[in-house]
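# Analysis of the macromolecular model
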Amino acid sequence: MPRIRVAHSPDSDDAFMFYALAAGKIDTGDREYEHELADIETLNQRAYAGDLEVTAVSFHAYAYLHERYALLPHGASIGDQYGPRLVAREPPPEADVDGALAGLVVAIPGERTTATLVLRLYQPDIETVVVPFDRVEDYVLNGHADVGLLIHEGQLTHADRGLHLWRDLGEWWGKETGLPLPLGGNVVRRDLGAELIRLVSRDLRSSIVWGLEHRAEALAHAQQYARGMDATHTDRFVAMYVNDYTVDYGPRGREAVQRLLHEGWRAGHLPSDVRPEFIED
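As a starting point, this report considers the structure included with it. Computed from a predicted structure; not experimentally measured.

Another point: the sheet that holds strand 7 (residues 105-108). The strand order across the open sheet formed by five strands is 8-7-9-6-10, and the pairing between neighbours is mixed. This sheet does not close on itself; its edge strands, each paired only once, are strand 8 (127-130) and strand 10 (164-168). Sheet twist, expressed as the average angle between the axes of neighbouring strands with direction ignored, equals 30°. By the bridge criterion, four bridges tie strand 6 (residues 85-88) to strand 10 in an arrangement that is antiparallel.

In structure tokens:
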């Protein structure tokens, strides 16, 4: 009986999409899934070691993993004209926000998060300090960094803590490329073999679709991972990152992944010009 470790972030959108799989709401045949939760930078590190059969990873990290892992066509977090946000204690300057960022210290949630890759594409002339994603706001508020790069729920709640938006990097990417911003995806270790990989892919898709079709129940589960957001904000956040692209990237989503990896390589931030390889159901 195959036992497959599935790892993802402890946030509300991942909790929503994996709920049906974790709660036994879908038929997975003789495949048993063991769920593990960790922040995305930890999952990136574990994937480098090939420790997990299935895991969420940053697309930034995928450039270093593609020989061992392939992308599943389901489960991506893709923002269309929105994404990670740069925030600060003070309002942004009225002119040349982009230039004002140069030389500042930015608290980032991990060196190989996609948010950090896009930040470096947006403004390479910065200093960075790595901070756990759920402490970035505190780090900025306490004056340890000039600006913070927010992923997960902080994208919606930073103003409640008195932080000011300087730039939405998903919006910037959309204007630059005309494409959505792919942040994270699910990968499967190639050595599982073609048949098992195909079944795993179908199970993941079934879990996402079940959540979308039973939204209230899946949201109730996701709420416990919302880190203080009320139900309205949780619903909004899940809607941002569990959408049509999550069910399947489609041609536009796949083009966006390719463009991100190519731009990262062209700017010297990635080791090679990786062409993403997706499992086909």
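Having seen the structure, we can now continue with the description.
Moving on, we get to the pattern of salt bridges. Across all of its chains, the model carries 22 salt bridges by this definition. The residue D138 makes a salt bridge to R161 at a minimum N-O spacing of 2.6 Å. Remark: R161 occurs in the loop between helix 7 (154-157) and strand 10 and D138 occurs in helix 6 (residues 136-141); sequence separation between them is 23 residues. Residue E195 pairs with R198 through a salt bridge whose shortest N-O separation is 2.4 Å. Residue E195 and its partner R198 are both found in helix 9 (residues 194-213); the two are separated by three residues, about one turn of the helix. Relative accessible area serves as the criterion here: at 45%, E195 is assigned to the partly exposed category. On the accessibility criterion, R198 (22% relative accessible area) is partly exposed. Salt bridges linked by common partners bring R5, E36, R46, D51, E53, R189 and D191 together as one network.

In this structure, R31 sits in the loop between helix 1 (12-22) and strand 2 (32-37). A polar side-chain atom of R31 sits 2.8 Å from a polar atom in the side chain of D203.

Here the focus is the side chain of S12. Residue placement: S12 occurs in helix 1. Apart from residues lying up to four places away in sequence, S12 is in contact with E153, A222, Y225, A226, M229, T234, F237 and V238.

The next subject is helix 9. Taking 1.5 Å of rise per residue, the 20 residues of helix 9 would be expected to cover 28 Å, and the 29 Å separating its terminal C-alpha atoms lies within 8% of that figure. All of the buried residues in helix 9 are L196, I197, V200, S201, D203, L204, S207, I208, V209, W210 and G211.

What follows covers unusual backbone geometry. You will see that Q81, though not glycine, has its phi angle at about 75°, which is positive. Summarising the element assignment, Q81 is placed in the loop between strand 5 (77-79) and strand 6. The exposure class assigned to Q81 is partly exposed, which follows from its relative accessible area of 37%.

L86, L101, V106 and L119 are the most contacted members of the largest nonpolar core, which has 57 residues in total. Broken down by element, this core gets its largest block of residues, six residues, from helix 5 (residues 114-122). Contacts of L119, omitting those with residues within four sequence positions, involve L86, L101, V106, I108, I126, L149 and L169. F18, Y19, A70 and L192 belong to the second largest nonpolar core, which has 30 residues in total.

Cut-off values and rules
- Residues numbered from 1 in each chain as written.
- Predicted model: local features only at pLDDT ≥ 70, side-chain atom pairs only at ≥ 80, totals over all residues.
- Heavy atoms only, no water.
- Pairing = 2+ DSSP bridges.
- Helix = DSSP H or I, 4+ residues; strand = E, 2+ residues; numbered from the N terminus.
- Axes fitted to C-alpha atoms, helices over the stretch in contact; angles between N-to-C directions.
- Salt bridge = Lys/Arg side-chain N within 4 Å of Asp/Glu carboxyl O.
- Buried < 20%, exposed > 50% of the residue type's maximum accessible area, 1.4 Å probe, protein only.
- Polar contact = N/O pair within 3.5 Å; in protein donor to acceptor, adjacent residues only side chain to side chain.
- Contact = heavy atoms within 4.5 Å.
- Expected span 1.5 Å × (residues − 1).
- Core = buried A, V, L, I, M, F, W, Y, C linked by side-chain atoms within 4.5 Å.

Everything listed is a geometric property; what it means functionally is a separate question.
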